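Descriptive structure summary
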Amino acid sequence: LALNDLRRLLLPGGRLLCSCWDPRAKAVAKRGKKANEEDEDAYWVAWRCADGSDVQRWYHLPALEKRLETWSNLPGLRLKRAELDG
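Residues numbered from 1 in each chain as written. Predicted model: local features only at pLDDT ≥ 70, side-chain atom pairs only at ≥ 80, totals over all residues. Heavy atoms only, no water.

Here we come to the overall build of the protein. Helices and strands together make up the secondary structure of the protein, namely three helices and three strands. Against the globule reference of 12 Å for 86 residues, the protein gives a C-alpha radius of gyration of 15 Å, more extended than a compact globule. On the principal axes, the C-alpha backbone points of the protein span a range of 45 × 30 × 25 Å. Classification of the 86 residues of the protein by burial places 19% in the buried group. Put simply, 31% of the contacts in the protein that link residues at least 6 apart link residues at least 24 apart. (Helix = DSSP H or I, 4+ residues; strand = E, 2+ residues; numbered from the N terminus. Rg over C-alpha atoms; globule rule 2.2 N^0.38 Å. Buried < 20%, exposed > 50% of the residue type's maximum accessible area, 1.4 Å probe, protein only. Contact = heavy atoms within 4.5 Å.)

This is how it looks when you write it as structure tokens:
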């Protein structure tokens, strides 16, 4: 996990703020689609470029419950708070 690398870079007692999309976010609902049937958390989300063209970006967006389970079991990191905005 990328969080393990971030933990390695933190000073002892350091803090990490992590922000990520919820699969129910407006941008995902409006401009996203499931990437495939095998991975229920994989999405393609269209991003609008400065020139007006769209590019598809792949995201792995598990529900908050799945994230909490993963984040709560990372050695050397302590989850203080997790919330959905909106």
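Relative to the assigned elements, Arg67 resides in helix α3 (residues 64–71). Relative accessible area serves as the criterion here: at 8%, Arg67 is assigned to the buried category. A distance of 2.7 Å separates the side chain of Arg67 from the backbone oxygen of Pro62, its partner in a polar contact. The residues touching Arg67, leaving out its near neighbours within four places in the chain, are Cys20, Trp21, Asp22, Pro23, Leu61 and Pro62. (Polar contact = N/O pair within 3.5 Å; in protein donor to acceptor, adjacent residues only side chain to side chain.)

In this section: the sheet that holds strand β2 (residues 42–48). On the basis of which strands lie adjacent, the open sheet formed by three strands has the order β1-β2-β3 and antiparallel pairing. Since the sheet does not close on itself, it has two edges, and those belong to β1 (32–34) and β3 (54–60), each with one partner. In this sheet, neighbouring strand axes are inclined to one another by 25° on average, regardless of whether the strands run parallel or antiparallel. Alignment of β1 against β2, held across three bridges, turns out to be antiparallel. Of the residues in β2, the one forming a bridge with Gly32 is Val45. (Pairing = 2+ DSSP bridges. Axes fitted to C-alpha atoms, helices over the stretch in contact; angles between N-to-C directions.)

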